[in-house]
Amino acid sequence: MAEVEDTLKRIQSINGVIGTIVVNAEGIPIRSTLDNSTSVQYAGLLHQLTMKARGTVRDIDPQNDLSFLRIRSKKHEIMVSTGGL
Amino acid sequence: MFTDETLDIIGAESTWRKSHQQTQESRSCQTLPVDTAEVETQARDVSDNSTQTQDQISQALSIDRDISDFPGLLDFLHKVEDIVIKELVKNSKSHAFDGFRVNWEDQTESVSCMYRLQHVEAQERGLQVTGVSWNCTGSVIGCGFGRVDDGDWSNEKAYVCTWNLDRQNLNPKRPDMIIDVPTPVMCLCFHPVRPSVVAGGLYSGEVVVWDTSRSQDLILAQTGMSADTHREPVFQVSWVPGARRGEFMVLSAGSGGRVLLWTVDGAEAKLILSSGYALVQQQVPQCGAASRTRGSTTIGVTSVALSPWDLDTFLVGSEGGLVLKCSFSSETVSAVPPDGESVTLRAPVQFSFSPLGGPVHSVHFSPFHRNLFVSVGTDGLAHLHTVLQPRPLLSLRVSDSYVFGVRWSPTRPLVFAAATGQGLVQMFDLGRRSLRPAATVDQNTSGQPTYCLEFNPKHTNLMAVGNADGSVNIWQLSAELTEQGAKETAVLEQLANEVVD
């Protein structure tokens, strides 16, 4: 399963990336480059927001689905990629 | 002849008396017979169920679990990898958000003076404000009165005054609390956790801790005059975390060359010396110049800075212009002959930076970068140093006269403020290209010096400045000086890494 590690390493090594978290369908982080407590906090908060955003997109058009979510704050930017393409 | 005769009783009925017997009537009733019926049931199948919460161990372990537990992971990553990388690369090259500023709150455009706090009696006697300190909740400002320009030993009475800025009926001319002190106060520091406790260093070398929440006898603990105390004025007093969590010790540094750590003994109202450090010329590792003096000459300490990142390091600025890096855990015994102190004094100096031309009035560690600090003295320059090398990274001209105090801004990594001898506070922004100050705040003291300044830890747009004319000005800073912009920490990091070879 070195491919998984390679992919994550590729993403993490892009200029400007502070951390990467992979979250499963229940919102529990399964792979992360940040420490445990931060990962759990981010995963929990973003899971809720992603579900809400996905619901919004599908309410507008049932055939559509959320593919990418970006939250830009003063200090950083959080990018969430869901499985739906 | 005469015989006994009995006659019938004759009676007459009373017309007005009635029988007291009530009239009675009797009635009775009965309900219809009540119908009753009996039925029985019995369960044929019985099942038992119970629930219990489980310890959340599984969440902590999920990150360490083997990847083969997640079969869909590889496919998912294949799907999303390209789009994620594309977006990240686009983001790092994008100029879309350059200069884009978001403001959720109202912006104050300019720096304004909120209050000008004075104590009339102290001003009449010509006392100067030598130290200001905010308490840990950010609502009370305390200032100590004393004299800085007096060369002689003085015994005149001084004051420590506090004002509570969050109260409705704040009177700038009348302090909320006035504490009488027998000798001039040289420095002041509020306790970092308990809002009413304040420590002060006096001209006589004593260190006193007051508790302003008491109604009588405000002194919580004091050193008194013993073999342990400083013999010279105490220029800096601070609270440092003690051995146990939640406990704090008082650190005092004076021009006698001693840095002492005291524990507060509330029961005895005494400060007990727990450890001490003495600085002598011989034990300072020189950065090139050979020491010309022989014999142990003590180095008078004028300012101390504690590192918020490394609890073991502290910086000392001396009367001779030296800036020294010291360590609390140093074990070398000091070369000063013991003078009856209760603990052995140690030599803490590990490294010395390039000296300034005159006494170092203030040193302050950057709250945003573990290696940077700024120091000011009588040469009118502010030197930005990194702990890693002796020469300064940057020297900025603050004013033509002495500079008495310097503090980094608690919210903007690149901003610091310096108090000058001309009565101005100059604020510098290292992110700007020019070396001129970003803002100059005039204290309206008609040319008299400004001795100390402090940023409010909770309401970060407030700054307190103490002047030689006995007044304390509270300034509200503009949003430009207090709001952190994007990438400021990165610029600071870059600045710190310009280590000159």
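Cut-offs applied
- Residue positions are given per chain, counted from 1 along the sequence in the order it is written.
- By the order in which they are written, chains take letters starting at A while ligands take numbers starting at 1.
- For a predicted model such as this one, the threshold for reporting local features is a pLDDT of at least 70, and the threshold for listing and counting side-chain atom pairs is 80 or more; totals across whole chains, interfaces and linings nevertheless cover every residue.
- To obtain the side-chain values, all non-hydrogen atoms of the structure were included, while hydrogens and water were left out.
- Strands pair, by our definition, only if DSSP identifies at least two bridges between them.
- Every helix listed is a DSSP run of H or I at least four residues long, and every strand listed is a run of E at least two residues long, numbered separately from the N terminus.
- Interaxial angles span 0 to 180 degrees and are taken between N-to-C directions of axes, which are lines fitted to C-alpha atoms, for helices over the stretch in contact.
- Three labels apply to residues, based on accessible area from a 1.4 Å probe with only protein chains included: buried if under 20% of the type maximum, exposed if over 50%, partly exposed otherwise in between.
- Residues enter a patch when their relative accessible area is above 30% and they make no salt bridge; the linking distance is 9 Å between like charges and 5 Å between nonpolar side chains (Val, Leu, Ile, Met, Phe, Trp, Tyr).
- Areas reported here follow the Shrake-Rupley algorithm with a probe of radius 1.4 Å; residue values treat only the protein chains shown as occluding.
- Whenever a carboxyl oxygen of Asp or Glu lies within 4 Å of a side-chain nitrogen of Lys or Arg, that contact is scored as a salt bridge.

The strands making up a sheet are joined through hydrogen bonds of the backbone, oriented either antiparallel or parallel. Residues and elements named next belong to chain B. The strand order E14-E15-E16-E18 describes an open sheet built from four strands, whose pairing is antiparallel. Taken across any chain shown, the strands that pair with only one partner, and hence form the sheet edges, are strand E14 (301-306) and strand E18 (349-352). Averaged over all neighbouring strand pairs, the angle between strand axes comes to 30°, with direction disregarded. Summarising the sheet, E14 and strand E15 (residues 313-318) pair through five bridges and their orientation is antiparallel. Residue pairing in the sheet places Ala305 in a bridge with Leu315 of E15.

This paragraph deals with the pairing of strand E23 (residues 403-408) of chain B. Residue and element names in this part refer to chain B. When you tally the buried positions in E23, you get six out of six residues, the bulk of the element. Alignment of E23 against strand E24 (residues 415-420), held across five bridges, turns out to be antiparallel. Along E24, the bridge assignment pairs Arg407 with Ala417. Hairpin connection of E23 to E24: six residues between the antiparallel strands.

All right, on to a nonpolar patch on the surface then. On the surface, B:Phe97, B:Phe100, B:Val102 and B:Trp104 cluster together into a nonpolar patch covering about 500 Å² of accessible area. A relative accessible area of 53% means that B:Phe100 is categorised as exposed.

Counted according to the given criterion, the structure contains 14 salt bridges over all chains. The salt bridge involving A:Glu77 is made with A:Arg70; its shortest N-O contact spans 2.7 Å. In this structure, the salt-bridge partner of B:Arg412 is B:Asp429, at a minimum N-O distance of 3.3 Å. One end of the pair, B:Arg412, is in the loop between E23 and E24; the other, B:Asp429, is in strand E25 (residues 424-429), with 17 residues separating them in the sequence. Among the residues examined, B:Arg412 registers a relative accessible area of 9% and is labelled buried. On the basis of relative accessible area, B:Asp429 is assigned to the buried category, the value being 12%. Each of the salt bridges in this network shares a partner with another, and the network as a whole consists of A:Arg70, A:Arg72, A:Glu77, B:Glu87 and B:Lys90.

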